[in-house]
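# Summary of the model geometry
One-letter residues, chain by chain:
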Amino acid sequence: LDGDGGVFGTPKGAGGANKGGAMSPMCAMNTPRTRARGQAVPRADSAAAEEKSPGEARVREAMDELDRRLSIGSPGDVDAVEDHDDDEEEMIDVSITNDREGNDANFRIDDDDDGGGGEDPPSGVVGGIPPPPLCKPDGNRVRNDRPPSCPDTDEEENLLLLDEVRKDVIRTHPDLRFFLEPADNLGQKRYAALERILFVWAKLNKGVRYVQGMNEIVGTLYFVLAQDSDESWSRHAEADTYFLFNALMVEIRDVFMAELDEADTGIHGRISNMITLLSLHDPEVRCHLDEVGIDPSFYSVRWLTTLLSREFLLPDTVRLWDSMFASTHKDNFLRYVSVTMVMVIRDRLLAGDFSACLRLLQAYPPPDLDMLLESSRALWIYESQVTLACHKGGISLGHALRSIPPPPSIVMAYGLHAGRAPPV
């Protein structure tokens, strides 16, 4: 019903009541009873009834039968209706069709005993509203005495999601004083802000939902924004963090979606692209990691899902993200930085066994971040120059490597130390 008592899509007075002022059968069925049981619902006068079409008369007869059956027990007592006369029960199907152009709600009531014959009532003739929808409309006959919004199910789902988020939030930067501030319970309030951001985003993006690793991204963004020296900006850190996180997830959300794992933009696809790049520029390290049994997923899943925020100290993470957000292609940036991270510690990896290599990759040693960023950028530029020379210039890879000098900051390139090809 709309605010004026009419039915959506019908003129006022045509939906909630008949011309004679009497309540329609459907409204009476969904309204608390104020009459004695078995008493018929007041109808319009007989002259008006005779003017109704055959289809509408059939609708009224079906509604009378339905109202008679509902009067057997108290309102909402569906079990009493079903137990009253199971052998002679007539199924009455109520289907709703929406006329998108006229925004009308048309109800078609079919009596199986009648063989489905008769004329469908015209749009907007039958007043009232349909029965409240079931929580899980799967076509099966179920009891209709549960609230339409299913509050118990929604509440349970919300509690499970909030518990999942909270378990990860309290482990976000646990050694950072920003989240441990005892004064005025600021630390807990800041953790609560992270919970709200992640919970609301997960509820509004059910195709992705919450995945572990998002808390690290939100925690870093919130720390930077809440530390703004301008109080007029920092007091809106929670809302700004949500906005930035949502904008970032538009670009990287495929990493968190299981159904897209094998796509190029999914987590397995990105790991495969990273290992392909490592095989191109440092095949020796790649082969050694395979020989000792280090699967790329042992370390690269965390690297890619948290945007390397777990591998460095927070100031270094902020410096890294400044460069990443300034990059026109964040996926390429992250891939070249990750490969450069492996090549920077290549000597220690080549000398280690399974446990030593895994420890190095899962607890990355503190690097010179400026050198790491410069080396990854130089590798991308050098590879672009060599590829362009081979494709556009029509020269061989060896000729291109000998004719194009590599930048001095490169660690490895095309299996060559510092990218320097030996002379012919």
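Reading the values: rules and limits
- Residues numbered from 1 in each chain as written.
- Predicted model: local features only at pLDDT ≥ 70, side-chain atom pairs only at ≥ 80, totals over all residues.
- Heavy atoms only, no water.
- Helix = DSSP H or I, 4+ residues; strand = E, 2+ residues; numbered from the N terminus.
- Buried < 20%, exposed > 50% of the residue type's maximum accessible area, 1.4 Å probe, protein only.
- Contact = heavy atoms within 4.5 Å.
- Areas by Shrake-Rupley, 256 points an atom, 1.4 Å probe, with all protein chains shown as cover.
- Polar contact = N/O pair within 3.5 Å; in protein donor to acceptor, adjacent residues only side chain to side chain.
- Salt bridge = Lys/Arg side-chain N within 4 Å of Asp/Glu carboxyl O.
- Expected span 1.5 Å × (residues − 1).
- Axes fitted to C-alpha atoms, helices over the stretch in contact; angles between N-to-C directions.
- Parallel < 35°, antiparallel > 145°, perpendicular 65-115°, else oblique.
- Nonpolar A, V, L, I, M, F, W, Y, C, P; charged D, E, K, R; others polar.
- Core = buried A, V, L, I, M, F, W, Y, C linked by side-chain atoms within 4.5 Å.
- pLDDT = per-residue confidence, 0-100.

### Some thoughts on the overall build of the chain
For the chain, the helix and strand inventory stands at 18 helices and four strands. Evaluated residue by residue, the chain yields a buried proportion of 37% over its 424 residues. Of the contacts formed within the chain by residues at least 6 apart in sequence, a portion of 59% connects residues at least 24 apart. Of the roughly 23700 Å² of accessible surface on the chain, a fraction of 53% belongs to carbon and sulfur atoms.

### Examining the environment of E231
Mapped onto the secondary structure, E231 falls in helix α8 (residues 231-234). Within the structure, E231 has its side chain in polar contact with the side chain of R235 (distance 2.8 Å).

### Some thoughts on the pattern of salt bridges
Summed over the entire model, instances satisfying the criterion amount to 19 salt bridges. Residues R310 and E216 are paired through a salt bridge, measuring 3.8 Å at the closest nitrogen-oxygen approach. Taken together, the residues R310 in the loop between α12 (297-305) and α13 (314-326) and E216 in helix α7 (residues 214-226) connect sequence positions 94 residues apart. The exposure class assigned to E216 is buried, which follows from its relative accessible area of 5%.

### Focus: the side chain of D168
Within the fold, D168 resides in helix α5 (residues 151-169). Of the residues examined, D168 reaches a relative accessible area of 7% and is grouped as buried. A polar side-chain atom of D168 sits 2.7 Å from a polar atom in the side chain of R171. Apart from residues lying up to four places away in sequence, D168 is in contact with Y210, Q212 and N215.

### Structural notes on α7
Given 3.6 residues to a turn, an α-helix orients residues that are three or four positions apart in the same direction. A rise of 1.5 Å per residue sets the reference length of α7, with its 13 residues, at 18 Å; its end C-alpha atoms lie 18 Å apart and thus fit the reference within 8%. Burial within α7 is extensive, with 10 of its 13 residues counted as buried. The set of residues buried in α7 consists of M214, N215, E216, I217, V218, G219, T220, L221, Y222 and F223.

### A word on the packing of α7 against α13
Contact pair α7 / α13: the axes reach a minimum separation of 11 Å and the direction vectors enclose 95°. Taken together, the axes of α7 and α13 lie roughly perpendicular to each other. Contacts from E216, I217, T220, L221, F223 and V224 of α7 reach α13 at L314, T317, V318, W321 and F325. Of the residues assigned to the contact of α7 with α13, the class counts are eight nonpolar, two polar and one charged.

### A short note on the environment of T340
Relative to the helices and strands, T340 is located in helix α14 (residues 330-344). Counting along the chain gives 62 residues from T340 to L278, while the straight-line C-alpha distance between them is 8.4 Å. What T340 contacts, discounting residues up to four positions off in sequence, is L372, S375, S376 and L379.

### A short note on the nonpolar core
By size, the foremost hydrophobic cluster in this structure holds 80 residues, and its most contacted members are M214, I217, F245, Y299, L320, L349 and L361. The greatest single-element share of this core, amounting to nine residues, is contributed by helix α17 (residues 369-393). Setting aside anything within four residues of it in sequence, one finds M214 in contact with L198, W201, V208, R209, F245, M249 and F256.

### With respect to the confidence of the model for the chain
Confidence in the prediction for the chain averages 76 pLDDT; 64% of positions are at 70 or higher. This model gives residues 1-52 a pLDDT under 50, and the stretch forms 75 contacts once residues within four places in sequence are excluded. Scored below 50 in pLDDT, residues 72-151 shows 110 contacts in the model against residues more than four places distant or in partner chains.

### A look at unusual backbone geometry
As a rule of thumb, non-glycine residues mostly have phi less than zero, and peptide bonds are mostly trans rather than cis. Positive phi values are uncommon outside glycine, yet L308 reaches one of about 65°. Relative to the helices and strands, L308 resides in the loop between α12 and α13. Given a relative accessible area of 0%, L308 falls into the buried group. The phi angle at Y414 is positive, at roughly 55°, despite the residue not being glycine.

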